[in-house]
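Listed below, chain by chain, are the residues.
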Amino acid sequence: LIRAGNIGLLTKTKQVQPYDYAKAYVTGYLLKKELQKHPDGVAIASNQVLSNKNGEAPSVFYNATRDMLVVNPSYRGASGSKLIRNPEGCLSYPRMSKGVIRLDRIIATYYCAVSCKQVEEALEGLQAMIFQHETDHLSGHTIGHANGYA
């Protein structure tokens, strides 16, 4: 697991191309195995495990609460969503908890690594928070930033 201070955590990951979904699937397997070593973790991004100092890690995260591998994620606020502040932790920043402002409801867009099809779905509560946290990781933002990204 890559910890705070590694430049790869702060470097944006690479979008996965359609011909590279096998690589995304293998990355997902590695992420799932790594997350099993951390019983307090609920999700993990590729740049928390793979070297990313040159932005070569694929834009992939694994969400254990849904046993879901997410490829090329993005999100936007859902209609009527509000900003809320909740404490969040991070595997790469052990023993750190920080109040992070997030949207309470989002529209998540991503590719499914199994079907290779684009998915768009509404998420709220914990699932919205996890999706935003991991997508921020893939963009190079962490709870270690003073601006409160996770």
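This text goes with the structure placed above it.
The numbering scheme is per chain: residues are counted from 1 as the chain's sequence reads. In keeping with the predicted nature of the model, local features appear solely for residues at pLDDT of at least 70, side-chain atom pairs appear and are counted solely at 80 or more, and the whole-chain, interface and lining totals rest on all residues. Side-chain descriptors were evaluated using all non-hydrogen atoms of the structure, hydrogens and water having been removed beforehand.

Here the rule is simple: two strands pair whenever DSSP picks up at least two bridges between them. Where helices and strands are cited, they refer to DSSP runs of H or I of at least four residues and of E of at least two residues respectively, numbered from the N terminus. Read from one edge of the open sheet, five strands run 1-2-3-6-7, paired in antiparallel fashion. Of all the strands in the sheet, the pair left with one neighbour each is strand 1 (43-45) and strand 7 (118-124). On average, adjacent strands in this sheet sit at an angle of 40 degrees to one another, irrespective of strand direction. Sheet analysis places strand 2 (residues 60-63) next to strand 3 (residues 68-77), joined by four bridges and oriented antiparallel. Bridged to asparagine 63 within strand 3 is methionine 68. It only takes one pair of heavy atoms within 4.5 Å for two residues to be counted as in contact. A fitted line through C-alpha atoms represents every axis, and for helices the fit uses only the stretch in contact; the resulting angles, taken between N-to-C directions, go from 0 to 180 degrees. On the sheet, helix 2 (residues 125-138) packs against strand 1, strand 2, strand 3, strand 6 (105-112) and strand 7 and is oriented at approximately 100 degrees with respect to strand 3.

Right, let's get into the nonpolar core. Nonpolar core, defined: a set of buried Ala, Val, Leu, Ile, Met, Phe, Trp, Tyr and Cys residues in which side-chain atoms within 4.5 Å join the residues together. Burial status follows relative accessibility: with a 1.4 Å probe on protein chains alone, a residue under 20% of its type maximum counts as buried, one over 50% as exposed, and anything between as partly exposed. Counting residues in each nonpolar core, the largest one holds twelve residues, listed as Val16, Tyr21, Ala24, Leu31, Leu35, Ile44, Val60, Tyr62, Leu69, Val71, Leu91 and Ala113. Elements supplying a minimum of two residues to this core: helix 1 (21-35), strand 2 and strand 3. Among the elements that make up this core, the one with the highest residue count is helix 1 (four residues). Beyond its immediate sequence surroundings of up to four residues, leucine 91 is in contact with Leu1, Arg3, Leu35, His38, Gly41, Ala43, Ile44 and Gln48.

For any pair of aromatic rings, geometry is given as the distance between the ring centres together with the angle between the planes. A pair of Phe, Tyr and Trp rings is counted when the ring centres sit within 6.5 Å of each other, with Trp represented by its six-membered ring. The angle between the planes then sorts it: under 30 degrees is stacked, over 60 is edge-to-face, the rest tilted. A complete count under the given rule lists four aromatic pairs for this structure. Between phenylalanine 61 and phenylalanine 131 the ring centres are 5.5 Å apart and the planes differ by 80 degrees, which places this aromatic pair in the edge-to-face class. Linking phenylalanine 61 in strand 2 with phenylalanine 131 in helix 2, this pair joins segments that are 70 residues apart in sequence. Residue phenylalanine 61 is classed as buried on the basis of its relative accessible area, which comes to 0%. Taken together, a centroid distance of 6.0 Å and an interplanar angle of 50 degrees make the contact between tyrosine 110 and phenylalanine 131 tilted. Taken as a pair, tyrosine 110 in strand 6 and phenylalanine 131 in helix 2 lie far apart in primary sequence, 21 residues in all. As far as burial versus exposure is concerned, tyrosine 110 and phenylalanine 131 are alike and both buried.

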